[in-house]
Amino acid sequence: SVARADDVKVKAVMTTGPEDDPVTSFASDTPKLLAMFKTKGIQSGTKVRGVLIAIDVGDVAPANTKVLEKTLTLDEDTDDGDFAFSKPTNDWPVGEYRVEIYVNDQLATTVKFTIKAVKSKKESDKEKESSEE
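Residues numbered from 1 in each chain as written. Predicted model: local features only at pLDDT ≥ 70, side-chain atom pairs only at ≥ 80, totals over all residues. Heavy atoms only, no water.

### Examining the nonpolar core
- Grouped together as the largest cluster of nonpolar side chains are 24 residues, with contacts concentrated most on Val99 and Phe113.
- Of all the secondary-structure elements, those providing two or more residues to this core are β1 (9–15), β3 (32–40), β4 (46–56), β6 (80–86), β7 (95–103) and β8 (106–116).
- Contact partners of Val99, with chain neighbours within four places excluded, come to Met14, Ala35, Val51, Leu52, Phe85, Thr109, Thr110, Val111 and Phe113. (Core = buried A, V, L, I, M, F, W, Y, C linked by side-chain atoms within 4.5 Å. Buried < 20%, exposed > 50% of the residue type's maximum accessible area, 1.4 Å probe, protein only. Helix = DSSP H or I, 4+ residues; strand = E, 2+ residues; numbered from the N terminus. Contact = heavy atoms within 4.5 Å.)

In structure tokens, the structure reads:
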């Protein structure tokens, strides 16, 4: 039997690790973003898809650009799971994002978060040098 979307409940939070508290904002150099979710009414074999979307990252990409997408098939453990999104080579672009979680291609939930700029030690040192000249 196929679960209908209205029978399925999905709640999601963003975090930096399974034991970490949920957050709504990350530094641009965060190595991994985790969209952790809990489900109700999902049957074994159900496909759950996580889509990371850049809502607004300025000139880096057009609004609402799909950045990454991953699909999981929930087998024994259908109560929860997570989507891990690894940092791009040059850090996460600063801006507004969302993760959409789909169950059998039906949008089940959305979680929004922000990426904020982080000053590296190099940048801080450079600013110090230029202010001392």
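There's plenty left to go through after this.
### Considerations on the environment of Gly50
- Structurally, Gly50 is set in strand β4.
- For Gly50, a relative accessible area of 0% puts it in the buried group.
- Between the C-alpha atom of Gly50 and that of Phe85, which follows or precedes it by 35 residues, the distance is 9.7 Å.
- Apart from residues no more than four positions distant in its own chain, Gly50 is found in contact with Leu68, Glu69, Lys70, Phe83, Phe85 and Glu100.

### Notes on the packing of aromatic side chains
- Taken as a whole and assessed by the stated rule, the structure comprises 3 aromatic pairs.
- Note on Phe26 and Phe113: the rings are 5.4 Å apart at their centroids and 85 degrees apart in plane angle, and the pair reads as edge-to-face. Of this pair, Phe26 sits in strand β2 (residues 25–27) while Phe113 sits in strand β8; the two residues are 87 residues apart in sequence, bridging distant segments of the chain.
- Using a relative accessible area of 3% as the deciding quantity, one classes Phe26 as buried. (Phe/Tyr/Trp six-rings, centres within 6.5 Å; stacked < 30°, edge-to-face > 60°.)

### Re the sheet that holds β6
- Strand order in this open sheet of 3 strands is β1-β3-β6, and the pairing throughout is antiparallel. Strand pairing shows two members of the sheet lacking a second neighbour, β1 and β6, which therefore form its edges. For this sheet, the mean inter-axis angle between neighbouring strands, taken without regard to orientation, is 20 degrees.
- Sheet topology note: the β1/β3 ladder contains 7 bridges and is antiparallel. Paired with Val10 across the two strands is Thr39, which belongs to β3. (Pairing = 2+ DSSP bridges. Axes fitted to C-alpha atoms, helices over the stretch in contact; angles between N-to-C directions.)

### A closer look at the pattern of salt bridges
- The full count for this structure, using the stated rule, is 5 salt bridges.
- For Lys87, the salt bridge goes to Asp91, with nearest N and O atoms at 3.2 Å.
- Under the relative-accessibility criterion, Lys87 is labelled partly exposed at 29%.
- A salt bridge links Glu100 to Arg98; the nearest nitrogen and oxygen atoms lie 2.8 Å apart.
- The buried category is assigned to Arg98, whose relative accessible area is 17%.
- Salt bridges sharing common partners tie together Arg49, Lys66, Glu69 and Asp105. (Salt bridge = Lys/Arg side-chain N within 4 Å of Asp/Glu carboxyl O.)

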